[in-house]
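# A closer look at the structure
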Amino acid sequence: MTFDAIGIAGTSLTVHRKWLDAIADNLANANTAAPTSGPAFRARYIEAQAGPGTSGVYVAGVREGDAAGRLVFEPDNPLADAEGYVRYPDIDLSEQMGSLIMAQRGYQANAQVVDRARTMYESALQIGRSS
Amino acid sequence: MLDSVTSAALTSALDGLSRRQRAIADNIANVNTPGYHAQRVQFEEALAASVQDGDGRATATTSLSAEPTRTNGNNVNLDTETMSNIDTVLRFQFATQALNAQFTGLRSALRTS
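Everything numeric here is computed off the predicted structure, so don't read it as measured data.

### A closer look at the packing of helix α2 (residues 93-124) of chain A against helix α1 (residues 5-29) of chain B
Packed helices, taken two at a time, are described by the angle their axes make and the gap between the axes. Two elements in contact, α2 of chain A and α1 of chain B, have axes separated by 10 Å at closest approach and are oriented at 165°. Considering the angle they form, α2 of chain A stands roughly antiparallel to α1 of chain B. Crossing of α2 of chain A over α1 of chain B shows left-handed handedness. Contact with α2 of chain A, carried on its side by A109, N110, V113, R116, A117 and M120 of chain A, involves L17, S18, Q21, A25, I28 and A29 of chain B of α1 of chain B and no other residues of that element. Among the residues making up the contact of α2 of chain A with α1 of chain B, the classes are represented as eight nonpolar, three polar and one charged.

Written out as structure tokens, the structure is:
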């Protein structure tokens with residue numbers, strides 16, 4: 001209650017960090033092949049939701065990408081099935097890179113809010129102090 | 001002098017500004033949240049009217065921004081919010097200093113008897 005703005009920005013730092021983690025994981029696994037008998041790597045998408053009143057933001061859930069992925073003909077791949085196919089995740093690299101920039105900028109914006117809120121509360125602590 | 005119009009007005013201003021700061025923090029926290037509408041805190045007009053009436057107390061009101069939304073239903077403008085954030089911090093510091101000056105005057109009045 002007392003130092004609200006810092007806590008509110010803090011909730012958003014958490015959400016953006018989780019988003020960045022998910023994107024990093026998605027990008028790292030963009031070329032992870034899997035045998036056609038199993039599911040492809042499933043990309044994770046963070047779903048953010050505003051808290052009630054002015055209570056910041058939280059992660060409402062995680063949506064997962066398509067387990068079917070896309071089939072690629074790679075007969076030399078040790079994971080290939082009898083017809084020579086492997087399963088790759090269906091991850092849109094440009095979409096992930098776009099989200100990466102949004103998550104990064106969102107994180108930075110909230111880190112600055114923490115800094116400015118601190119300045120404000122420091123000034124509030126000076127009230128009534130004789131100079 | 002303790003509950004003068006000036007003191008009451010400065011306290012109301014600090015209250016309104018800290019509410020605005022909280023709203024801005026919430027707006028920036030939700031800059032990427034789909035469907036979120038920015039909040040606006042107003043108190044200046046109410047405070048000016050209250051000072052005019054010789055009271056100095058005013059409560060802040062919160063409303064939702066009617067600006068057009070982006071494709072994800074969000075209408076937070078990071079540039080506006082950042083400017084408003086800096087503006088609010090400076091105004092808050094200004095009000096704090098004014099209130100301190102008020103208290104300093106009061107303190108010296110108590111000493112000179």
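That was the structure; now back to the text.
### Concerning the sheet that holds strand β4 (residues 70-73) of chain A
Spatially, the three strands line up as an open sheet ordered β1-β5-β4 (chain A), and their pairing is antiparallel. At either margin of the open sheet sits one strand with a lone partner, and together these are β1 (34-35) and β4 of chain A.

### Regarding the pairing of strand β1 (residues 39-42) of chain B
Residues and elements named next belong to chain B. Across the two faces of β1 the burial differs, with Q39 and V41 buried and R40 and Q42 not buried at all. Two strands pair when backbone bridges link them, and β1 and strand β2 (residues 61-64) are joined in this way by four bridges, in the antiparallel orientation. Bridge assignment links Q39 to a residue of β2, and that residue is L64.

### Some details on the layout of surface pockets
Which parts of space are left empty comes out when a probe the size of a water molecule is rolled across the atoms. Of the volumes computed, that of the largest pocket is approximately 420 Å³. Taken together, 23 residues form the lining of the largest pocket, with W19, I46 and S99 of chain A together with N32 and P34 of chain B sitting closest to its centre. Mapped by element, the contributors of at least two residues to the lining of the largest pocket are α1 (4-28), β2 (44-50), β3 (57-64) and α2 of chain A. Of the residues assigned to the lining of the largest pocket, the class counts are 11 nonpolar, eight polar and four charged.

### So, the interface of chain A and chain B
With 31 residues of chain A at the contact, the number on the chain B side is 30 residues. Between chain A and chain B lies a buried interface of about 2300 Å² when both sides are counted; carbon and sulfur atoms form 64% of it. Three residues stand out in chain A for area buried against chain B, namely R116, M120 and I127 of chain A, and they jointly supply 27% of the buried area on that side. A salt bridge links D4 of chain A to R22 of chain B; its shortest N-O distance comes to 3.0 Å. Remark: the boundary between chain A and chain B carries 12 residue pairs in polar contact (both at pLDDT 80 or more). Among the elements of the structure, α1, β2 and α2 of chain A are those that each provide at least two residues to the side of chain A that touches chain B. Broken down by element, the residue count for the side of chain A that touches chain B peaks at 11 residues, all from α2 of chain A. Of the residues in the side of chain A that touches chain B, the class split is 14 nonpolar, 14 polar and three charged.

### Describing the confidence of the model for chain B
Residues and elements named next belong to chain B. In this model, chain B carries an average pLDDT of 92, and 97% of its residues clear a pLDDT of 70 or more. The secondary structure element of chain B with the lowest average pLDDT is helix α3 (residues 78-111), at 93, and the one with the highest is β1, at 95. The complex model carries a pTM of 0.88, and its ipTM stands at 0.86.

### Details of the packing of α1 of chain B against α3 of chain B
All names here are of chain B. At a closest axis distance of 9 Å, the pairing of α1 and α3 adopts a crossing angle of 155°. For the element pair α1 / α3, the angle class is roughly antiparallel. α1 and α3 meet at a crossing whose hand is left-handed. Residues that form the contact of α1 with α3 fall into these classes: 11 nonpolar, 10 polar and three charged.

### Observations concerning the nonpolar core
Membership of the largest hydrophobic core comes to 16 residues, with the highest contact counts inside it found for L14, F43, L47 and F92 of chain B. A total of six residues in this core trace back to one element, the largest contributor, which is α1 of chain B. Not counting residues within four places of it along the chain, the set of residues in contact with F92 of chain B comprises M120, S123 and A124 of chain A together with L14, L17 and S18 of chain B. If you look at the next biggest cluster of nonpolar residues, it comprises 13 residues, including V15, A117 and Y121 of chain A together with I28 of chain B.

About the thresholds
- Residues numbered from 1 in each chain as written.
- Chains lettered and ligands numbered in written order.
- Predicted model: local features only at pLDDT ≥ 70, side-chain atom pairs only at ≥ 80, totals over all residues.
- Heavy atoms only, no water.
- Axes fitted to C-alpha atoms, helices over the stretch in contact; angles between N-to-C directions.
- Helix = DSSP H or I, 4+ residues; strand = E, 2+ residues; numbered from the N terminus.
- Parallel < 35°, antiparallel > 145°, perpendicular 65-115°, else oblique.
- Left-handed = near helix turned anticlockwise from the far one by under 90°.
- Contact = heavy atoms within 4.5 Å.
- Nonpolar A, V, L, I, M, F, W, Y, C, P; charged D, E, K, R; others polar.
- Pairing = 2+ DSSP bridges.
- Buried < 20%, exposed > 50% of the residue type's maximum accessible area, 1.4 Å probe, protein only.
- 1 Å grid on protein atoms, 1.4 Å probe; cavity = no way out; pocket = protein on both sides within 12 Å on 5 of 7 lines; lining within 4 Å.
- Points joined across faces, edges and corners; volume = space filled by probe spheres on them.
- Buried area = accessible area lost by both parts, 1.4 Å probe.
- Salt bridge = Lys/Arg side-chain N within 4 Å of Asp/Glu carboxyl O.
- Polar contact = N/O pair within 3.5 Å; in protein donor to acceptor, adjacent residues only side chain to side chain.
- pLDDT = per-residue confidence, 0-100.
- Core = buried A, V, L, I, M, F, W, Y, C linked by side-chain atoms within 4.5 Å.

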